[in-house]
Amino acid sequence: MDPKTRKAVSARDAGLVRVSRATRLIGVASVAGAVIAAAGFAHLIPTHLPHLNVDNGGGSGSGSGGSGSSNGSGGLQGPNNAPGGGGSGPSQVQSGGS
Amino acid sequence: MTLGIAAARAEVAAFGGTAVVLTTEPGALDDALAIVREHIRAVDKACSRFRPDSELCRVNEAAGRPVEVSALFARALETALRAAELTDGDVDPTCGDALIATGYDRDFDELRLSGVTVTVPRPRPIPGWRTVRWDPARRVVTLQRGTRLDFGATAKALAADLAARDVHDKLGGGVLVSFSGDLSVRGPTPDGGWRVRVTDDHRGADDSPGQTVTVRDGGLATSSTTVRRWNASDAALHHIIHPRTGLPAQAGWRTVSVAAIDCVTANTAATAAIVRGESAPGWLAAHGLPARLVRADGTVVTIASWPADPDSGGGAS
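In this text, all values refer to a predicted model and were calculated from it rather than measured experimentally.

Chemist: Could you give me a rundown of the packing of helix 6 (residues 155–171) of chain B against helix 7 (residues 263–276) of chain B, with the residues and numbers involved?
Modeler: All names here are of chain B. The N-to-C vectors of helix 6 and helix 7 enclose an angle of 160°; their axes lie 8 Å apart at closest approach. Relative to helix 7, the element helix 6 lies roughly antiparallel. Both helix 6 and helix 7 take part in a crossing whose hand is right-handed. When helix 6 is examined against helix 7, the residues A157, L158, A160 and D161 are found in contact with a partner set consisting of C263, V264 and N267. Of the residues contributing to the contact of helix 6 with helix 7, the split by class is 5 nonpolar, 1 polar and 1 charged.

What follows is the structure in structure tokens.
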């Protein structure tokens, strides 16, 4: 390899090293920036969806929506025990239109 | 858990209908009734569309401006919005204006007794629950100008759930709280469960056409187009509004009863089923909700694990 070519190869290698260092630096800085931003603005990240969350509390009005005794899945959930047949005896209460 | 004891029963007027309180401990009935009355008073004050001093009226009158609301109203609002979301908007709390437009602008007893015949104007579009701006952290709600909320599909059921839980937590024992037939159960029950007659009208006699079932937990609610009806110049109207049309739903089902994890879920599903019409059975089955649907001609269809109706010629799915 003649001196001119060797010099060109060296220059190319040095350039690649500089680009690689700069890339790593940018990557690290990006990650650090993201962590700092997340820590700084964590209080703004929604932690509950008021229309979906359900609780069993007494109604704080702080986003804990739902029916008061409902399931925690946010969906329409059936009873733990399906209604049973009532036979022919008298009823204790009526469920009908109002 | 079931108990082999007789239950005690009390009945009072509430929410334009009848409230029934059942307890497994007869000695607890008076205290239970007092607790239930307090919930009736609080929910009525917060959520009534017919009381000028209610929080709901204050919020509706302030449409277009932010309003800070009480914890109970916040809960009722969130419950109504959740119902809308879970039913893809079939049960929508922003139908207040449409109800008024169809003539349901006063307590139903007044409407029924006055015998008025209303003229329904051109249907108005429902603003839609997504237009309600709700800040749960500050408990501030902002309605779009011209929007009126109505919690008719959820507030009474919420009251039943809250009252039943409160009675059970404070007094122990088993309790059933029913507001006009939307009922919530907590704690142990008598042998076999509470015996409930599902029928078109919650004021009906014990031998009214329907079915008696037993309920051991959760909630059971019935929506019907047969009771809250009034006359327009060219049609009979009812109180279940179809959000897409702004008019009473063209009900393929006259009465739908649903059992669920609680009364709010049951009432939400029952109302949505009336709105959905023919697709309701598949929708209820997909959610695993035991249900009984009655067509206008009286044919009964039962869904999921709802017990077969011995008097029905209808099918089960």
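Chemist: Give a description of the nonpolar core that names residues and reports values.
Modeler: All names here are of chain B. Counting residues in each nonpolar core, the largest one holds 92 residues, and the members touching the most others are A76, V177, V258, A269 and A273. Per-element tally for this core: the top contributor is helix 3 (residues 71–86), with 10 residues. Setting aside its immediate chain neighbours within four residues, V258 contacts A221, A266, A269, A270, A273, L284, L289 and A291.

Chemist: Break down the sheet that holds strand 13 (residues 218–224) of chain B for me, with residues and values.
Modeler: All names here are of chain B. An order of 2-3-8-9-13-18-19-20 is seen for the 8 strands of this open sheet, with the pairing classed as antiparallel. The open sheet terminates on both sides in strands that have one partner only, identified here as strand 2 (8–14) and strand 20 (300–303). The sheet shows a mean angle of 10° between the axes of neighbouring strands, taken without regard to direction. Pairing analysis gives 6 bridges linking strand 13 to strand 18 (residues 253–260), with the strands arranged antiparallel. Across the sheet, the residue bridging to A221 is V258, located in strand 18. Of the strands in this sheet, strand 2, strand 3 (17–23) and strand 8 (175–179) are in contact with helix 1 (residues 29–47), which crosses strand 3 at around 145°. Across the sheet, helix 7 is in contact with strand 9 (182–186), strand 13, strand 18 and strand 19 (291–295); its angle to strand 18 comes to roughly 155°.

Rules used throughout
Residues numbered from 1 in each chain as written. Chains lettered and ligands numbered in written order. Predicted model: local features only at pLDDT ≥ 70, side-chain atom pairs only at ≥ 80, totals over all residues. Axes fitted to C-alpha atoms, helices over the stretch in contact; angles between N-to-C directions. Helix = DSSP H or I, 4+ residues; strand = E, 2+ residues; numbered from the N terminus. Parallel < 35°, antiparallel > 145°, perpendicular 65-115°, else oblique. Left-handed = near helix turned anticlockwise from the far one by under 90°. Contact = placed C-beta atoms within 7 Å. Nonpolar A, V, L, I, M, F, W, Y, C, P; charged D, E, K, R; others polar. Core = buried A, V, L, I, M, F, W, Y, C linked by C-beta atoms within 7 Å. Buried ≥ 20, exposed ≤ 12 C-beta atoms within 10 Å, placed from the backbone. Pairing = 2+ DSSP bridges.

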